[in-house]
Structures are given as structure tokens and as C-alpha cells.
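Each chain is listed here by its residues.
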Amino acid sequence: MEKGQFKIFRCSVAGIDAVAAATKHSFPRHTHEQYGIGVIHQGAQKSLSGRGMVEAGSGDVITVNPGEVHDGTPIGDDGRSWKMLYFDPHVINEVAKERDEFPRPVIRDVRLASAFEQLFTVMTDDRTTASALHREELLLELLAGVFREIDDPLLFQAIPKAIRRARNLIDDQPTLPVTLADLAEETGLSRFQVLRGFTRATGLTPHAYLTQRRIDLARRMIAEGSSLAEAAIASGFADQSHMTRTFVRKYGVSPGAYAAAII
């Protein structure tokens with residue numbers, strides 16, 4: 001991206017804006033109506049935030065709260081570049097009802113920066129086949145890091161039976177779309193608790209578990225003689241190419257090669 005360039009991406013979810021920028025510009029004090037989470041990619045900047053004077057460099061996660069007065073000045077002569085996701089307040093409130101403010105303006109955490117990049121990609125790349133469940137998982141994981149959620153001790157008491165209900169809901173109808181809200185309603189847990197508890201109990205996020213159940217179903221159908229296109233649609237994938245990518249990732253061979261070897 002050229003210095004001084006801003007790019008606004010079309011986002012796949014209403015209420016979320018995506019921006020990438022590279023500039024030497026010094027921003028005067030201003031506010032946003034939205035929550036913002038981003039990552040500095042190159043260079044560094046200093047800013048007076050509502051939470052004090054801070055500096056952020058390459059790889060750092062940066063945040064801003066609605067109505068928070070802040071500015072931004074590059075450190076050095078080369079400017080800086082970053083990506084940001086801006087969330088309408090209702091988007092954050094729906095998934096993190098118990099929190100209303102990001103506590104830290106700068107977070108140095110490689111895993112959190114990677115979680116942001118994954119979310120930015122699925123929100124802005126029209127070629128992705130990310131489901132609503134996957135997008136919600138990525139958002140919750142990012143927010144958990146930003147809020148630095150402390151594990152709820154009730155998880156260890158309530159989860160085994162509750163997570164079995166969540167897993168059974170997926171097992172019974174793996175071809176149907178499911179959201180974390182559906183699993184939360186089924187279990188009586190919050191969406192954060194479902195995501196954390198399900199991952200602990202199964203070793204997979206709900207989205208990864210659902211994908212595994214679908215690719216298992218597709219494999220069985222192919223083994224029984226279904227065409228690849230039929231197996232893809234009947235097992236809940238968006239299309240044959242989506243199934244093929246998942247099949248190769250899970251089994252190490254293409255579904256066509258699998259079919260030729262087994263039929």
C-alpha cells in the first residue's frame with residue numbers, strides 16, 4: 001500500500017467497517033462512534049488516548065472505545081501502516097454484554113494480532129466461505145483477548161453435561177447451520193462459555209467440530225458412490241470446491257483421488 005493511502009473494504013457483516021491505511025499524517029484529537037480494534041503493520045505511532053499517552057509499533061494490537069478522544073502521530077519519518085475493524089456498539093454488546101469498554105489501548109500479543117488478521121480476512125475477502133459460526137468464533141476469540149477474559153469457575157462445574165448437549169445438537173444435524181447463540185440456548189451457557197468449554201472438552205471449536213462432522217459425512221457418501229457434487233451439497237458445504245479444500249486439509253488427498261481409490 002502506498003504511503004498516504006486509505007482503503008475501505010466491503011464487509012460481510014452489517015455493523016462492521018474495515019479499513020487499511022498507510023500514512024505519515026498526524027491526526028488531531030477526535031472520536032469515533034464505534035469500537036475499533038486494529039494492528040500496526042509497519043512503523044510506529046504515539047497517541048494521547050482516553051487511557052493515557054501510549055506508543056504502538058509493528059505487530060501491536062490497538063483499540064479505541066466509542067467517544068474516546070484520541071490523536072495519532074507517527075514516530076519517525078516513514079509513517080506507519082495499519083488495519084482496523086470498527087464495530088457498531090450493538091455488535092460488541094451482543095457478544096460481550098458484561099463489558100462495555102476495551103481496557104488497554106495497546107496490546108503486545110502475537111496470538112491476538114494473528115486472531116485479528118484471521119477475522120479481518122473472513123470479514124473482507126469475498127472468496128472466503130466462512131460461516132456465520134466461524135466469524136462469530138473469531139470475533140469472540142479476539143474480544144476475549146482484548147478484554148482478557150478470566151475463565152469463569154462455573155465452567156468447570158457446568159460444562160461436561162452442557163457441552164454434551166451442544167455436541168449432540170451438531171451430531172444430530174451436521175448439515176444445518178448453527179450459531180453460538182443456538183448452542184448457548186441449548187446449553188444454558190453464555191457464548192463465551194460455550195466456545196471455551198467446547199474447545200476444552202473436545203479439542204475443537206464448535207465450527208471446527210461441525211466441519212469435521214460434515215467432512216466425515218461427505219467421505220461416507222463418496223465411499224457409497226455419490227458424486228462429489230452430490231456429496232458436497234448433501235453434507236452441508238457451500239459448494240464442491242469448499243468440500244474439496246476441506247477434504248484435502250483433513251485427509252491429505254483430494255475427494256476425487258479418494259473416490260478413485262475406493263470405488
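You'll find the structure just up there.
Residues numbered from 1 in each chain as written. Predicted model: local features only at pLDDT ≥ 70, side-chain atom pairs only at ≥ 80, totals over all residues. Heavy atoms only, no water.

> Tell me what's going on with the overall build of the protein, and back it up with residues and numbers.
The number of helices and strands found in the protein is 10 helices and 9 strands. Principal-axis analysis of the C-alpha atoms places the extent of the protein at approximately 65 × 45 × 25 Å. Residue pairs in contact within the protein that sit at least 24 positions apart in sequence constitute 69% of those at least 6 positions apart. Total accessible area computed for the protein in this model is approximately 13400 Å², and 51% of it derives from carbon and sulfur atoms. Counting 31 positive and 33 negative side-chain charges, the protein places the averaged centre of each group 4 Å from the other. (Helix = DSSP H or I, 4+ residues; strand = E, 2+ residues; numbered from the N terminus. Contact = heavy atoms within 4.5 Å. Areas by Shrake-Rupley, 256 points an atom, 1.4 Å probe, with all protein chains shown as cover. Lys, Arg positive; Asp, Glu negative; His and termini not counted. Charge placed at Lys NZ, Arg CZ, Asp CG, Glu CD.)

> Could you give an account of the pairing of strand β1 (residues 5-9), naming the residues involved and the relevant values?
Sheet analysis places β1 next to strand β2 (residues 16-23), joined by 5 bridges and oriented antiparallel. In the sheet register, lysine 7 faces β2, and the bridge partner there is alanine 20. The turn linking β1 back onto β2 is made up of 6 residues, and glycine 15 within it adopts a positive phi angle of 90°. (Pairing = 2+ DSSP bridges.)

> So, the packing of aromatic side chains: which residues are in play, and what are the values?
Evaluation of the coordinates by the stated rule reveals 9 aromatic pairs. On the numbers, 5.4 Å between centres and 85° between planes, the contact of phenylalanine 9 with phenylalanine 120 is edge-to-face. Residue phenylalanine 9 is located in strand β1, and its partner phenylalanine 120 is located in helix α2 (residues 110-124); the two are separated by 111 residues in the primary sequence. Of the residues examined, phenylalanine 120 reaches a relative accessible area of 3% and is grouped as buried. Positioned over the ring face of tyrosine 209 is arginine 213, at 5.0 Å from the centre of the ring. (Phe/Tyr/Trp six-rings, centres within 6.5 Å; stacked < 30°, edge-to-face > 60°. Buried < 20%, exposed > 50% of the residue type's maximum accessible area, 1.4 Å probe, protein only. Lys NZ or Arg CZ within 6 Å of the ring centre and 35° of its normal.)

> Give a detailed account of the nonpolar core, specifying residues and quantitative values.
Soluble, globular proteins show a tendency: their nonpolar side chains are buried together. Ile37, Leu85, Phe87, Phe102, Leu119 and Leu143 are the most contacted members of the largest nonpolar core, which has 48 residues in total. Broken down by element, this core gets its largest block of residues, 9 residues, from helix α3 (residues 132-147). Ignoring sequence-local partners within four residues, the contact set of leucine 85 consists of Ile16, Asp17, Ala18, Tyr35, Gly36, Ile37, Phe116, Leu119 and Phe120. (Core = buried A, V, L, I, M, F, W, Y, C linked by side-chain atoms within 4.5 Å.)

> Got a sec to walk through the side chain of threonine 211? Specific residues and values, please.
By the secondary structure assignment, threonine 211 is in helix α7 (residues 206-223). Taking relative accessible area as the criterion, threonine 211 reaches 13% and is therefore assigned buried. When near neighbours in sequence (up to four residues on either side) are disregarded, threonine 211 contacts Phe237, Thr246 and Lys250.

> Describe a positive patch on the surface, naming the residues involved and giving the relevant values.
Side chains of Lys161, Arg164, Arg165 and Arg167 sit close together on the surface and give a patch of like positive charge. The residue lysine 161 is located in helix α4 (residues 154-172) in this model. Exposure remark for lysine 161: the relative accessible area of 54% places this residue in the exposed category. (Patch = residues over 30% accessible without salt bridge, like charges linked within 9 Å, V, L, I, M, F, W, Y side chains within 5 Å. Salt bridge = Lys/Arg side-chain N within 4 Å of Asp/Glu carboxyl O.)

> How would you summarise the pattern of salt bridges if you had to cite specific residues and measurements?
Using the criterion set out here, one finds 5 salt bridges in the structure. In this structure, arginine 108 and aspartate 60 form a salt bridge, with 3.4 Å as the shortest nitrogen-oxygen distance. Of this pair, arginine 108 sits in the loop between β9 (106-107) and α2 while aspartate 60 is found in the loop between β5 (52-57) and β6 (61-64), placing the two residues 48 residues apart along the sequence. Look at aspartate 60 and you get buried, because its relative accessible area is 7%. Salt-bridge contacts for glutamate 136 lead to arginine 191; the nearest nitrogen and oxygen are separated by 3.0 Å. In this pair, glutamate 136 sits in helix α3 while arginine 191 sits in helix α6 (residues 191-202), placing the two residues 55 residues apart along the sequence. Judged by its relative accessible area of 14%, glutamate 136 falls in the buried class.

> Go over α2, please, and point to the residues and values.
Along its 15 residues, α2 runs 21 Å from first to last C-alpha, staying within 8% of the 21 Å computed at 1.5 Å per residue. Taken together, the buried positions of α2 are occupied by Leu112, Ala113, Ala115, Phe116, Leu119, Phe120, Val122, Met123 and Thr124. Its side-chain oxygen 3.0 Å from the backbone nitrogen of arginine 111, aspartate 109 forms the N-cap of α2. (Expected span 1.5 Å × (residues − 1). Polar contact = N/O pair within 3.5 Å; in protein donor to acceptor, adjacent residues only side chain to side chain.)

> Help me get a handle on the packing of α7 against helix α9 (residues 240-251), residues and values and all.
Two numbers describe how α7 lies on α9: the axes approach to 10 Å, and their chain directions differ by 95°. Taken together, the axis directions place α7 and α9 in an arrangement best described as roughly perpendicular. Across the interface between the two elements, Ala208, Thr211, Gln212, Ile215, Asp216, Ala218, Arg219 and Ile222 from α7 touch Met243, Thr246, Phe247, Lys250 and Tyr251 from α9. Here the contact of α7 with α9 is composed, by residue class, of 7 nonpolar, 3 polar and 3 charged. (Axes fitted to C-alpha atoms, helices over the stretch in contact; angles between N-to-C directions. Parallel < 35°, antiparallel > 145°, perpendicular 65-115°, else oblique. Nonpolar A, V, L, I, M, F, W, Y, C, P; charged D, E, K, R; others polar.)

> Tell me about the pairing of strand β4 (residues 35-49), and please be specific about residues and values.
Relative to strand β8 (residues 80-87), β4 runs antiparallel, the two being bridged by 8 bridges. Residue pairing for β8: valine 39 is matched across the bridge by lysine 83. Turn length for the β4-β5 hairpin, with the two strands adjacent in sequence and antiparallel, is 2 residues. Examined bridge by bridge, β4 and strand β7 (residues 70-74) share 2 bridges and lie antiparallel to one another.

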